[in-house]
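Breakdown of the fold
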Amino acid sequence: MRTPRHPSAVDSAPPAGLPPGQRLRRDFPRFGVPFPPRPQAPAVAELAVTGAVEHELRLPLTELFDALPRVTRTADFHCVATWSATGLQWSGVSFRQFWEQVVVPRCGPTGAVAVIAHGDDGVTAVLDMRDALADDVLLADRLDGRPLDDDHGAPLRLVSPAQYGYKNIKHLVALEATRTFPRPGRVLGEHPRARVALEERDPYLNARTYRLIGRALTPLIAWLNRRDSRRSTRSPS
Ligand SMILES: Nc1nc2c(c(=O)[nH]1)N[C@H]1C(S)=C(S)[C@@H](COP(=O)(O)O)O[C@H]1N2
Ligand SMILES: [Mo]
């Protein structure tokens, strides 16, 4: 959305300054790559756990939020194309608590080294378990005190603030556990870790080159997303 954001009272102070190569944006634009159409809301919102597990799980989101305590965290968001939005207030459940208290008991020990997060639009990201189990990773259903909207990934998205935006899969419908590290799925290159602090933007391109390309393309990508956002009409849920 284009509306300026005014961060509300925060539960933790935002970090001083932005990570290397990032520039502040006052808004939090919808930013899909490659501009996938927004998926239709499913009749029953569920999260599936599949892949390297003894028992697969399809968990209605209502059960997910009944099973685990709600947590709220303020975090900055860093897109690999160099824009950052600061002071976003996410609310949801902790990914680690979900994994330890729901997935392991119900799906069996997984031995997973990574999970592939699947968005309902077909967009995926590979998360190394070391990153996925970090303290600040959430399965979020609310942003800035409101339910997530379609632009930002309703009904559920992954939020991993220490990793570039492309690991923060929107419209999350499945987590696929893998025992070996899979080949990342993104056309434009997906770094296996994508840690913002280390500027792990891309597995092949160096950070400097990537910054230049990202900065050049950001206005176009943001415009295409806005156009698609305006065109998408959804029946109210
Ligand atoms: N399902 C899905 N998740 C996605 C994307 C996408 O296109 N589809 N784009 C990623 C990228 S590149 C970024 S920067 C962020 C943008 O999140 P926002 O649209 O909420 O700003 O979502 C990430 N997660
Ligand atoms: Mo991004």
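For the structure given in this document, a descriptive report is provided here. Position labels on residues start from 1 in each chain and follow its written sequence. Here the convention is simple: chains get letters from A, ligands get numbers from 1, in the order in which they are written. In keeping with the model being predicted, local features are shown solely for residues with a pLDDT of at least 70 and side-chain atom pairs are shown and tallied solely at 80 or more, while totals for entire chains, interfaces and linings include all residues. Excluded from the side-chain calculation are hydrogens and water; included are all heavy atoms of the structure.

**Concerning the overall build of the protein**
- By the criteria applied, helices consist of DSSP H or I runs no shorter than four residues and strands consist of E runs no shorter than two, each listed in order from the N terminus. Scanning the protein from terminus to terminus reveals four helices and eleven strands.
- A separation threshold of at least 6 residues defines the contact pool for the protein, and within that pool the share at least 24 residues apart is 69%.
- Counting only carbon and sulfur atoms, one obtains 55% of the accessible surface of the protein, whose full area is about 11,600 Å². Any two residues having at least one pair of non-hydrogen atoms within 4.5 Å are treated as being in contact. Methods summary: accessible areas were calculated by the Shrake-Rupley approach with a probe of 1.4 Å, and residue burial reflects only the protein chains presented.

**Regarding the side chain of Asp202**
- With respect to the helices and strands, the residue Asp202 is situated in the loop between strand S11 (172–178) and helix H4 (207–231).
- Polar contact criterion, stated in full: a pair of N or O atoms within 3.5 Å, where within protein one must be able to donate a hydrogen and the other to accept it, and residues adjacent in sequence count only if both atoms are side-chain atoms. Polar side-chain contacts of Asp202 include one of 2.7 Å to the backbone nitrogen of Tyr204.
- Looking at Asp202, its side chain comes within polar contact range of the main-chain nitrogen of Leu205, at 2.8 Å.

**What about the sheet that holds strand S3 (residues 57–60)?**
- Strand pairing requires that DSSP identify at least two bridges connecting the strands. Reading across the sheet, the five strands line up as S3-S2-S11-S6-S7 and stay open at both edges, with mixed pairing between neighbours. Taken across any chain shown, the strands that pair with only one partner, and hence form the sheet edges, are S3 and strand S7 (124–128). Strand-to-strand twist of the sheet, defined as the mean angle between neighbouring strand axes without regard to direction, takes the value 20°.
- The sheet contact formed by strand S2 (residues 46–51) and S3 spans four bridges and is antiparallel. Considered in S3, the bridge of Glu46 is made with Pro60.
- What counts as an axis is a line fitted to C-alpha atoms, over the stretch in contact for a helix, and the angles between N-to-C directions run from 0 to 180 degrees. Its contacts with the sheet place helix H2 (residues 95–107) against S2, S3, strand S6 (114–119) and S11, and it is angled at close to 130° to S3.

**A closer look at the pairing of strand S8 (residues 138–143)**
- Across the six residues of S8, five count as buried, placing the element largely inside the fold.
- Alignment of strand S5 (residues 83–94) against S8, held across five bridges, turns out to be antiparallel. Paired with Trp90 across the bridge in S8 is Leu143.
- Of the pairings in the sheet, the one linking S8 to strand S10 (residues 157–159) comprises three bridges and is antiparallel in character. Looking at S10, one finds that Ala140 is bridged to Arg157.
- Bridge count between S8 and strand S9 (residues 146–147): two bridges; the pairing is antiparallel. With a 1.4 Å probe rolled over the protein chains alone, any residue whose accessible area is under 20% of its type maximum counts as buried; one over 50% counts as exposed, and the rest are partly exposed.

**Some details on a nonpolar patch on the surface**
- On the surface, Leu205, Leu212, Ile213, Leu217, Leu220 and Trp223 cluster together to form a nonpolar patch covering roughly 540 Å² of accessible area.
- What makes Leu212 exposed here is its relative accessible area of 54%. Residues enter patches when their relative accessible area tops 30% and they take part in no salt bridge; the joining distance is 9 Å for like charges and 5 Å for the nonpolar side chains Val, Leu, Ile, Met, Phe, Trp and Tyr. Definition used for salt bridges: Asp or Glu carboxyl oxygen within 4 Å of a side-chain nitrogen of Lys or Arg.

**Structural notes on the site of ligand 1**
- Proximity criterion: a residue is near a molecule or strand once any of its heavy atoms comes within 4 Å of it. Taken together, 20 residues are adjacent to ligand 1, and Pro29, Asp121, His152, Arg157 and Lys170 come closest.
- Within the contact set of ligand 1, an oxygen atom lies 2.8 Å away from a backbone nitrogen or oxygen of Phe31.
- A distance of 3.0 Å is found between a nitrogen atom of ligand 1 and a backbone nitrogen or oxygen belonging to Asn168.
- If ligand 1 stood free it would expose 530 Å²; the protein chains cover 98% of that surface.
- Residue classes in the shell around ligand 1 are distributed as eleven nonpolar, four polar and five charged. In this classification, the charged set is Asp, Glu, Lys and Arg, the nonpolar set is Ala, Val, Leu, Ile, Met, Phe, Trp, Tyr, Cys and Pro, and all remaining amino acids, among them Gly, are polar.

**Describing the pattern of salt bridges**
- Counted according to the given criterion, the structure contains 13 salt bridges.
- Between Asp27 and Arg25 there is a salt bridge, with the nearest N and O atoms lying 2.6 Å from each other.
- Residue Asp27 is classed as buried on the basis of its relative accessible area of 6%.
- In this structure, Asp131 engages Arg193 in a salt bridge whose closest nitrogen and oxygen atoms are separated by 2.7 Å. Here Asp131, found in helix H3 (residues 129–132), pairs with Arg193, found in the loop between S11 and H4; they are 62 residues apart in sequence, far enough to count as distant.
- With relative accessibility at 13%, the residue Arg193 sits in the buried group.
- Residues joined in a network through salt bridges with shared partners are Asp128, Arg130, Asp131 and Arg193.

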